[in-house]
There are 2 protein chains.
Amino acid sequence: MPDNIEKKPMPKILLVDDEPDIIELIQYHLEKEGYLVKTAKNGVEGLKVAKSFVPDLILLDVMMPEMDGIEACIELRKDNTLNSTLIAFLTARAEDYSHVAGLDSGADDYITKPIKPRVLLSKIKALLRRSTVNQIIKNDKVSLEINRDKYIVICEGKEFTLPKKEFELLALLFSKPGNVFTREAILAKVWGDDIVVGDRTIDVHIRKLREKIGDVNIKTIKGVGYKLNLNVN
Amino acid sequence: MPDNIEKKPMPKILLVDDEPDIIELIQYHLEKEGYLVKTAKNGVEGLKVAKSFVPDLILLDVMMPEMDGIEACIELRKDNTLNSTLIAFLTARAEDYSHVAGLDSGADDYITKPIKPRVLLSKIKALLRRSTVNQIIKNDKVSLEINRDKYIVICEGKEFTLPKKEFELLALLFSKPGNVFTREAILAKVWGDDIVVGDRTIDVHIRKLREKIGDVNIKTIKGVGYKLNLNVN
DNA sequence: AATGCGTATTAAGTAAATGTTAACTGATTT
DNA sequence: AAATCAGTTAACATTTACTTAATACGCATT
């Protein structure tokens, strides 16, 4: 491996599970891939470690004593330090509810037990890819890239330099394609909590985006919010 | 500067306990969180209030004069209007039996005394969250998914983007498949309390749903309400 | 068969949410 | 100081969801 390649620090992963066997198994595979791993055996401990370790990803068992995964997730999400930390649940296939409730509580993914190392690793890779500053989506319908380093958007081969607010707005919609973002959420994320702006401000920005990168489908859901539509009809 | 703050109706909670101190304590904490709270000091009264208030959650003390919590719970469960209302027992830690019997009588959770406000609030939050989550049903007859994040309904593989009211209505029926929802309950949940609409409004929305996702069986029960029929004949 | 009650079905009306445009403000550049 | 640009606002247009009203249907009761 030549030296002139930028050395990216490997992602940090926090693993929270009460079963030592599971911990050992997963930790082994993760470290083999080069990830930096720390572990905790319950939600309370996990919370503590998370705050100092500031991992890129937290793997959280749903069923745990003391504080279960969902509770822990909710607590984790309250911590601004962990804003950009991904959370994935480990859950037995049977507990279907937890999968659902979990995603709602702010998790980014879930992984079902029994855990197959291959699957786990590829899922983790995919998750971490998503979180990197730059994001790309390419399918037969759409080609869109958001590059934070260069602060540009590449859409259908054309390059755009968007103003800050437009850029952030697009990036937000893009962060979870297909998901609806309420006006509230958009204001909170792009503008900030305290700032108060008029009713039409978001619309105008949406309009400018639509004008500039018309290829991408920004869909309005009246009374709910906006979303990026990637499975164009 | 216009106040464009979205008004989300806060969940309604009915608190039934015979001890004024407990009532006061809990009520204080609940209202601080923004919940709409009503109280009753025994099962009989609780039943009466529940029917008109149509709360999202009922906190029910197990030990009460007149009518104890379990009896009350059984009665509450008979009322179709309260179909989608959650019920949680408040119980002293010792009375272990009540936990078992309680869940059997149709309760959704139990909370042990002495009550720690923090724990109570997080439990309540979790309970209420469960009811507004993404849901999937798949069996040999029907395949239906309600995805709140993407605000879509997937029925037999086909994707639908429903308007808000239709979406909420379907989601409500879907929250307890097979159960009947009275018109009052539907109005309370989907439209909200203050809003007054004509007699035919619900019908029209039901019709639109039937039109769009004909595969799913929305059954009318005359004089009672509507239900989602998933065990198609 | 006639009545009455509750629901279904339309189409048309209304209100609410969003779209659009241009003009204004303040910051930054020239 | 003029020009440019991002961001916001205000006024108005447009679109859609939602509601209503009028009428038809279905079923039970008599």
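Here the structure is shown first, and the text comes after it.
Residues numbered from 1 in each chain as written. Chains lettered and ligands numbered in written order. Predicted model: local features only at pLDDT ≥ 70, side-chain atom pairs only at ≥ 80, totals over all residues. Heavy atoms only, no water.

Participant: Describe helix α2 (residues 43-53) of chain B, listing the residues and the values that go with them.
Facilitator: Residues and elements named next belong to chain B. G43, G46, L47, V49, A50 and F53 are the residues of α2 that are buried. The secondary structure elements touched by the buried residues of α2 are β1 (12-16), β2 (36-40), β3 (57-61) and α3 (69-78). The residue sitting at the N-terminus of α2 and contributing the capping side-chain oxygen is N42; that oxygen lies 3.0 Å from the backbone nitrogen of V44. Count one or two residues on from α2 and you reach V54, which has phi positive near 45°. (Buried < 20%, exposed > 50% of the residue type's maximum accessible area, 1.4 Å probe, protein only. Helix = DSSP H or I, 4+ residues; strand = E, 2+ residues; numbered from the N terminus. Contact = heavy atoms within 4.5 Å. Polar contact = N/O pair within 3.5 Å; in protein donor to acceptor, adjacent residues only side chain to side chain.)

Participant: Give me the lowdown on the sheet that holds strand β10 (residues 181-182) of chain A, citing residues and values where you can.
Facilitator: All names here are of chain A. Taken together, 3 strands build an open sheet; the order of strands is β10-β12-β11 and the sheet is antiparallel. Each having just a single partner strand, β10 and β11 (217-221) make up the two edges of the open sheet. With 2 bridges connecting them, β10 and strand β12 (residues 225-229) associate as antiparallel partners. Looking across to β12, one finds that F181 is bridged to Y226. Along the sheet, helix α6 (residues 164-175) contacts β10, β11 and β12; its crossing angle with β12, the most-contacted strand, is approximately 70°. Strands in contact with helix α8 (residues 201-212) are β11 and β12; relative to β11, the strand with the most contacts, it is inclined by about 150°. (Pairing = 2+ DSSP bridges. Axes fitted to C-alpha atoms, helices over the stretch in contact; angles between N-to-C directions.)

Participant: Which residues make up the packing of aromatic side chains, and what are the values?
Facilitator: All names here are of chain A. Scanning the model with the defined rule gives 2 aromatic pairs over all chains in all. With centroids separated by 4.1 Å and ring planes inclined at 20°, the aromatic side chains of Y151 and F167 adopt a geometry described as stacked. Here Y151 is found in the loop between β7 (143-147) and β8 (152-155), whereas its partner F167 is found in helix α6, with 16 residues between them in sequence. On the basis of relative accessible area, F167 is assigned to the buried category, the value being 1%. The ring of F53 is capped by K12, whose NZ or CZ atom sits 5.4 Å from the centre of that ring. (Phe/Tyr/Trp six-rings, centres within 6.5 Å; stacked < 30°, edge-to-face > 60°. Lys NZ or Arg CZ within 6 Å of the ring centre and 35° of its normal.)

Participant: Quick one: what's the story with the pairing of β1 of chain B, residue by residue and with numbers?
Facilitator: All names here are of chain B. The element β1 is extensively covered by neighbouring structure, given that 5 of its 5 residues are classed as buried. Residues of β1 alternate between two faces, with K12, L14 and V16 on one and I13 and L15 on the opposite face, all of them buried. As defined by bridge partners, β1 adjoins β2 across 5 bridges and the pair is classed as parallel. Bridge pairing links L15 to T39 in β2. You can see the chain leave β1, run along helix α1 (residues 20-32) and come back into β2, and the turn it takes is right-handed. Sheet analysis places β1 next to β3, joined by 4 bridges and oriented parallel. Across the sheet, residue L14 finds its bridge partner in β3, namely I58. (Right-handed = clockwise from strand over helix to strand, strands pointing away.)

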